[in-house]
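Breakdown of the fold
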Amino acid sequence: MANALPQTPATNAGAIDNFDAIIIGAGVCGLYQLYRLRQLGLSVRVFEDGEGIGGTWYWNRYPGCRFDSESETYGYSWSEELLQEWDWKEHFSGQPENERYLNYVADKFDLRRDIQLNSRVKSAVYNEQANLWEVQLEGGQRARAQYVIAAVGVLSARYVPPFEGIDSFKGESYHTSRWPREKVNLAGKRVAVIGTGATAVQLIPIVAKEVAHLTVFQRTPNYCAPLRNSLVTPEEQRTFKANYATMHKRIRETATGFMHDFDPRKAMEVPKAERLARYEELWAQPGFAKWLGNYRDIMVNREANEDFAEFVRDKIRARVKDPVVAEKLVPKDHPFGAKRIPLETQYYEAYNRDNVLLVDVRESPIERITPKGIKTKDKEYEFDVIIYATGFDAVTGPLTRIDIRGEGGQSFKEKWADGPRTYLCLQSAGFPNLFLASNPALCNYTVCAEMLVEWITDCIRYMREKHFTRIAPTPQAEEGWVAHMDACASRTILYDTNSWFMGANIPGKKRAILLYTNSAATYRKECQDAAAKGYEGFVLR
Ligand code: NAP
């Protein structure tokens, strides 16, 4: 596949660098974690796989990539100066701007001097006697630290289906999450996109305008909803800046971590005409209002969910001219919101273009990739470029791809073989001083990430003040949390489909809820309560 990973630096065999803390990943979490640990006076090194910082916003530079969260809620909340200095240009900011923002933060807070780029962590091994983690990079370089903070993201381990013949293709191939930094010229080319998740839904309408011909290979249609992006006016900019404190207070209190919050009424208790009028109102709003501002039982009651799903299906049908194509694009096999809702701009209109073809791979499965293109059960399609928008080995993948060994040489990968095993999504028993800082909640990413980083920082501060050197959860606390995560998800409609939320997008991956689906505000409180009770559920030594 084109655009191979950047090379890690040459091995510095023998030398071992010592730090108080090692952070894996220089994305949204890692950058903030570095800032906070430095404030504690710790020596910190961040190892980042990429050639640049930004994590998700470094790697995902495919055409159309942008926030689905409102820009002003995605930016960091912890520096008033930063909030006042930074102008978001669009309500849902695009990747180039998001990458610029994170680089601006890194420069403003002088973070770069502790970040080592092109440094992919291969292993992290806990030395029980020394109470230290030894981290090794792909290039051989080694470093030791008391604390390791895995800020590896939840959607960073790309997934490419193991199609037969994948390497035989003679044209160009790209995975959306490893899109080249230099412009990919698609003009006049025959292009395939495999996948119709949130990524493909952003990419397809843009690519469709550029290419000679686009063929989209769809396995499961999604409930895509209009993003309704627009430029931020100077007046809106002033309003953001004047109201950040109020906004941040609110998004820490909502169930979703967004400005949107569920309507306290139950859908089917609202008279039909009023309910439909409300749906229209939500549909007209930007962002996730149609999902996270909907009736409170939409994610737990199948009848309520189906009522809104039918509303969305009609919206899709109304936008696609060919009724046969429209029906292929209408999801019928899973509830609304059971997969993350892709927010789109002119996605359905792309299928009204003469140069776009939709292939339903449930009707005609992909059999193999050939030197010329893609062979399905029915025919061989020829392409110049194949784009894999096939998603990620989510949540567990970024961690289990590192060889992490805890107490007694226990392998993290083996321990997590049946799904994530943590207490509070923050630590795993048997892996002392290893903190997981990537947002595992079904919530605005930065809002939750900041909460985790602050919890970890407070915990390390507490340990240093009280002269503790090790922290890990008890197996009982972990057992209880795993059951609690499962119980929360079981109450919802999330188990009704095969999404990355359940790890079910990866063949062979054990089906288990990967996200904590309770209210974001409740999650915050649960973490704070444990800390307030002297880190209840953890063993400190
Ligand atoms: P995804 O939602 O997992 O979608 C992957 C797509 O590839 C699906 O359509 C899937 O079909 C298809 N696929 C996988 N294996 C296949 C195979 N063997 N044959 C045919 N099709 C196959 O991944 P994503 O679109 O990259 O999105 C992942 C998440 O990233 C999103 O849910 C969201 O949280 C985040 N994201 C956010 C934004 C944003 O707006 N900020 C943008 C993009 C992504 P099935 O559905 O049938 O499995």
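In this text, all values refer to a predicted model and were calculated from it rather than measured experimentally.

In this structure the tally under the stated criterion is 0 disulfides. With no disulfide partner, Cys-459 has as its closest neighbouring cysteine sulfur the one in Cys-527, 11 Å distant. Taking relative accessible area as the criterion, Cys-527 reaches 0% and is therefore assigned buried.

Another point: the nonpolar core. Nonpolar side chains tend toward joint burial in soluble globular proteins. Within the largest apolar cluster, 138 residues are counted, with the highest numbers of intra-cluster contacts made by Tyr-76, Ile-149, Ile-204, Leu-214 and Tyr-523. Broken down by element, the residue count for this core peaks at 11 residues, all from helix 15 (residues 445–466). Counting 23 residues, the second-largest nonpolar core is a separate cluster that includes Ile-24, Val-148, Val-152 and Phe-431.

Once that is clear, we can look at the sheet that holds strand 9 (residues 213–218). The sheet built from 5 strands is open, its strands ordered 7-16-8-9-12 with parallel pairing. Each of the sheet's edge strands pairs with one partner strand only, and the pair in question is strand 7 (172–175) and strand 12 (356–360). Neighbour-to-neighbour, the strand axes of the sheet open up by a mean angle of 15°, direction not taken into account. With 5 bridges connecting them, strand 8 (residues 190–194) and strand 9 associate as parallel partners. Note that in strand 9 the partner of Val-191 across the bridge is Leu-214.

Another point: the packing of aromatic side chains. This model, assessed by the stated rule, comprises 49 aromatic pairs. Taking 5.7 Å as the distance between ring centres and 85° as the angle between the ring planes, the aromatic pair formed by Trp-283 and Phe-311 counts as edge-to-face. Of this pair, Trp-283 sits in helix 8 (residues 272–283) while Phe-311 sits in helix 10 (residues 302–319), and the two are 28 residues apart along the sequence. Note on accessibility: Trp-283 and Phe-311 belong to one class, buried. Three or more aromatic residues joined by ring pairs form one cluster here, namely Tyr-32, Tyr-35, Trp-57, Phe-67, Tyr-74, Tyr-76, Trp-78, Trp-86, Trp-88, Tyr-101, Tyr-104 and Phe-109. The side chain of Arg-61 reaches across the aromatic face of Tyr-58, ending 4.9 Å from its centre.

Next up on the list: the packing of helix 8 against helix 10. For the pair helix 8 and helix 10, interaxial distance at closest approach is 11 Å and the crossing angle is 55°. The angle between helix 8 and helix 10 falls in the class oblique. Along this stretch, helix 8 crosses helix 10, giving a crossing that reads as right-handed. Residue-level inspection shows Arg-275, Leu-276, Tyr-279, Glu-280 and Trp-283 of helix 8 in contact with helix 10, the latter providing Ala-304, Asp-307, Phe-308, Phe-311, Val-312 and Lys-315.

On to the sheet that holds strand 15 (residues 380–382). Across the sheet, which stays open at both edges, the 3 strands sit in the order 13-14-15 with antiparallel pairing between neighbours. The open sheet has two free edges, formed respectively by strand 13 (366–369) and strand 15, since each of these has just one partner strand. When the angles between neighbouring strand axes are averaged without regard to direction, this sheet yields 20°. Across 3 bridges, the pairing between strand 13 and strand 14 (residues 373–376) is antiparallel. Bridge assignment links Arg-368 to a residue of strand 14, and that residue is Lys-375.

All right, on to the confidence of the model for the protein chain then. Averaged over all residues, the pLDDT of the protein chain equals 95, while 97% of them reach at least 70. Per-element mean pLDDT across the protein chain ranges from 95 in helix 9 (residues 289–292) up to 99 in strand 8. Across residues 2–11 the pLDDT falls below 50, and counting only partners more than four positions away or on other chains, this stretch makes 28 contacts in the model.

In this section: the environment of Ile-341. Position of Ile-341 relative to the elements: it lies in the loop between helix 11 (323–329) and strand 11 (343–344). Since its relative accessible area comes to 2%, Ile-341 is described here as buried. Setting aside residues no more than four positions away along its own chain, Ile-341 makes contact with Tyr-223, Ala-225, Phe-288, Trp-291 and Phe-336.

Time to look at the pattern of salt bridges. Counted by the stated rule, this structure contains 51 salt bridges. Where Arg-319 meets Glu-344, a salt bridge forms, and the shortest distance between an N and an O atom there is 2.8 Å. Of the two residues, Arg-319 is situated in helix 10 and Glu-344 in strand 11; the sequence distance between them amounts to 25 residues. By relative accessible area, Arg-319 is classed as partly exposed at 23%. It is possible to trace a salt-bridge network through shared partners that takes in Glu-306, Glu-310, Arg-313, Asp-314, Arg-317, Glu-327 and Lys-332.

The largest bend in helix 6 (residues 198–210) is about 35°, located at Ile-204, with the proline Pro-205 one to four residues further on. Of all the residues in helix 6, the buried ones are Thr-199, Ala-200, Val-201, Gln-202, Leu-203, Ile-204, Pro-205, Val-207 and Ala-208.

About the criteria used
Residues numbered from 1 in each chain as written. Predicted model: local features only at pLDDT ≥ 70, side-chain atom pairs only at ≥ 80, totals over all residues. Heavy atoms only, no water. Disulfide = S-S within 2.5 Å. Buried < 20%, exposed > 50% of the residue type's maximum accessible area, 1.4 Å probe, protein only. Core = buried A, V, L, I, M, F, W, Y, C linked by side-chain atoms within 4.5 Å. Helix = DSSP H or I, 4+ residues; strand = E, 2+ residues; numbered from the N terminus. Pairing = 2+ DSSP bridges. Axes fitted to C-alpha atoms, helices over the stretch in contact; angles between N-to-C directions. Phe/Tyr/Trp six-rings, centres within 6.5 Å; stacked < 30°, edge-to-face > 60°. Lys NZ or Arg CZ within 6 Å of the ring centre and 35° of its normal. Parallel < 35°, antiparallel > 145°, perpendicular 65-115°, else oblique. Left-handed = near helix turned anticlockwise from the far one by under 90°. Contact = heavy atoms within 4.5 Å. pLDDT = per-residue confidence, 0-100. Salt bridge = Lys/Arg side-chain N within 4 Å of Asp/Glu carboxyl O. Bend = angle between axes of the 7 residues up to and from the residue.

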